[in-house]
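Coordinate inspection notes
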Amino acid sequence: MNKGKIKEFFLCTRPHSFPAAIAPVLFGTTYGLLYSDDVSYLKFSLFLIACLLIQAATNLFNEYFDYKHGLDKIDSEGISGSIVKGKLSAKEVMNGAILLYMLSLIIGIILTLMTSYYIFLVGIICMLTGYFYTGGKYPIAYSPFGEIVSGLFMGTIIITLAFYFQMGYVNIDIILVSLPIFLMIAAILLANNIRDLENDKESGRRTYAILVGRDNAIKTLAASFVLVYLLNIIFSVTKYGSISYLLVLVTVPLAIKIIKGFKANNNNKTMAPYMLLTAKLTIFIGFIMSLANIINIILK
């Protein structure tokens, strides 16, 4: 594979989405440090690499299956366009996804040997979910459950695993504090589906945005943002967090801008910037909550 192909392959993995995989790992790890000063940088690094590989592979699967289902066009928003523009073949994209999955599987086996065999089982479930997100006869992303599944696996499960790798156990606290990131990861897909609502409807998808309609989907997005901020306020005055969690409130103007943007635009091209801003908001909140944990550790 020449340099041009390698560059195109990298772009096809949608590297701009990688911070959304980094933030949950960082948050789960830093939350674990509130319980113990002992941190395993090796487990953290291995798990982070595995998550990035699975994220990249899932993006490749998305590119492949959306192309196969005839959803991607040269002017489609939110895709790399590597296949439809003829820069990579569909087979190359699929083989790349499988290769990345194999690499993540090797790392998963190493983490399993370092911890518990349950990790291998959870890892396999995560990998299958990544594949069936757009693959298979009934793709998850084409159903009303895409937001919940993405929030669960990319939010709560990644955060819980990151915590487990540091502590060796899981408690109700880590599950509860994962909810804001769960909601924000789900919000990324919801924003994407609001943007693509008309195209998805024509292709036969049955996403949540299609079922409830554009206006109600935007209201759901707004409600998700409000709940994220309310949860952080609650965490700031309870044992689950610290006053530093209030730092997420600095992102409120961005959240308002996103909702206003979706309300004021109904064209997928003019809505695209607000979908990207939703992803950025998710990353900001994830990193700010991680920072809040670090501040809490320092002040302990």
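Here we summarise the structure given alongside this text.

Conventions adopted
- Residues numbered from 1 in each chain as written.
- Predicted model: local features only at pLDDT ≥ 70, side-chain atom pairs only at ≥ 80, totals over all residues.
- Heavy atoms only, no water.
- Buried < 20%, exposed > 50% of the residue type's maximum accessible area, 1.4 Å probe, protein only.
- Phe/Tyr/Trp six-rings, centres within 6.5 Å; stacked < 30°, edge-to-face > 60°.
- Helix = DSSP H or I, 4+ residues; strand = E, 2+ residues; numbered from the N terminus.
- Contact = heavy atoms within 4.5 Å.
- Salt bridge = Lys/Arg side-chain N within 4 Å of Asp/Glu carboxyl O.
- Polar contact = N/O pair within 3.5 Å; in protein donor to acceptor, adjacent residues only side chain to side chain.
- Core = buried A, V, L, I, M, F, W, Y, C linked by side-chain atoms within 4.5 Å.
- Axes fitted to C-alpha atoms, helices over the stretch in contact; angles between N-to-C directions.
- Parallel < 35°, antiparallel > 145°, perpendicular 65-115°, else oblique.
- Left-handed = near helix turned anticlockwise from the far one by under 90°.
- Nonpolar A, V, L, I, M, F, W, Y, C, P; charged D, E, K, R; others polar.

Moving on: unusual backbone geometry. For Arg 14, which is not glycine, the phi torsion reads 55° and is therefore positive. Take Arg 14: its relative accessible area is 11%, and that puts it in the buried class.

Below, the discussion takes up the packing of aromatic side chains. Going through the model one piece at a time under the given rule, you end up with 16 aromatic pairs. With centroids separated by 5.0 Å and ring planes inclined at 90°, the aromatic side chains of Tyr 131 and Phe 132 adopt a geometry described as edge-to-face. Here Phe 132 falls in the partly exposed class, since its relative accessible area comes to 38%. Here a set of aromatic residues connected by ring pairs shows up, and it is made of Phe 61, Tyr 64, Phe 65, Tyr 101, Tyr 131 and Phe 132.

This part takes up the environment of Tyr 138. You can see Tyr 138 is positioned in the loop between helix 5 (117-132) and helix 6 (146-167). We classify Tyr 138 as exposed; its relative accessible area is 68%. Considering only alpha carbons, one finds Tyr 138 and Tyr 169, 31 residues apart in sequence, at a separation of 34 Å.

By secondary structure assignment, the location of Ala 141 is in the loop between helix 5 and helix 6. In this structure Ala 141 comes out as buried when scored by relative accessible area, which is 5%. When the C-alpha positions of Ala 141 and Tyr 67 are compared, they lie 14 Å apart, and in sequence the two are 74 residues distant. Leaving out residues up to four positions away in the same chain, Ala 141 has contacts with Tyr 133, Thr 134, Arg 205 and Thr 207.

The next point concerns the pattern of salt bridges. Tallying each qualifying case throughout the model produces four salt bridges. Among the salt bridges present, the one from Glu 63 reaches Arg 14, with a minimum N-O distance of 2.6 Å. Of this pair, Glu 63 sits in helix 3 (residues 41-68) while Arg 14 sits in the loop between helix 1 (3-12) and helix 2 (19-32), placing them 49 residues apart in sequence. Just as Glu 63 is buried, Arg 14 falls in that class too. Here the residues in one salt-bridge network are Asp 66, Asp 200 and Arg 205, joined through shared partners.

Below, the discussion takes up the side chain of Asp 173. Residue placement: Asp 173 occurs in helix 7 (residues 172-177). At 2.8 Å, the side chain of Asp 173 and the side chain of Tyr 35 are in polar contact. Look past the residues within four positions of Asp 173 in its chain and what remains in contact with it is Tyr 31, Tyr 35, Lys 239 and Tyr 240.

The biggest cluster of nonpolar side chains holds 46 residues, and the ones touching the most others in it are Ile 194, Leu 221, Phe 225, Phe 262 and Leu 281. Of all the secondary structure elements, the ones that give two or more residues to this core are helix 2, helix 6, helix 7, helix 8 (179-195), helix 10 (208-212), helix 11 (214-236), helix 12 (252-264) and helix 13 (268-299). Sequence-distant contacts of Phe 262, defined by excluding residues within four places in its chain, comprise Ala 191, Ile 194, Arg 195, Arg 214, Ile 218, Leu 221, Met 271, Tyr 274, Met 275 and Thr 278. With 42 residues, the next largest nonpolar core counts Phe 47, Ala 97, Phe 153 and Leu 161 among its residues.

This paragraph deals with the packing of helix 5 against helix 6. Packing of helix 5 against helix 6 leaves a shortest axis separation of 12 Å and a crossing angle of 155°. In terms of axis orientation, helix 5 runs roughly antiparallel to helix 6. The chirality of how helix 5 crosses helix 6 is left-handed. Residue-level inspection shows Ile 119, Val 122, Ile 125, Cys 126 and Thr 129 of helix 5 in contact with helix 6, the latter providing Val 149, Phe 153, Ile 157, Leu 161, Tyr 164 and Phe 165. In the contact of helix 5 with helix 6, the residues fall into ten nonpolar, one polar and no charged.

The next thing to look at is the environment of Leu 179. Its place among the elements puts Leu 179 in helix 8. What makes Leu 179 partly exposed here is its relative accessible area of 31%. For the pair Leu 179 and Val 228, spaced 49 residues apart in sequence, the C-alpha to C-alpha distance is 7.7 Å.

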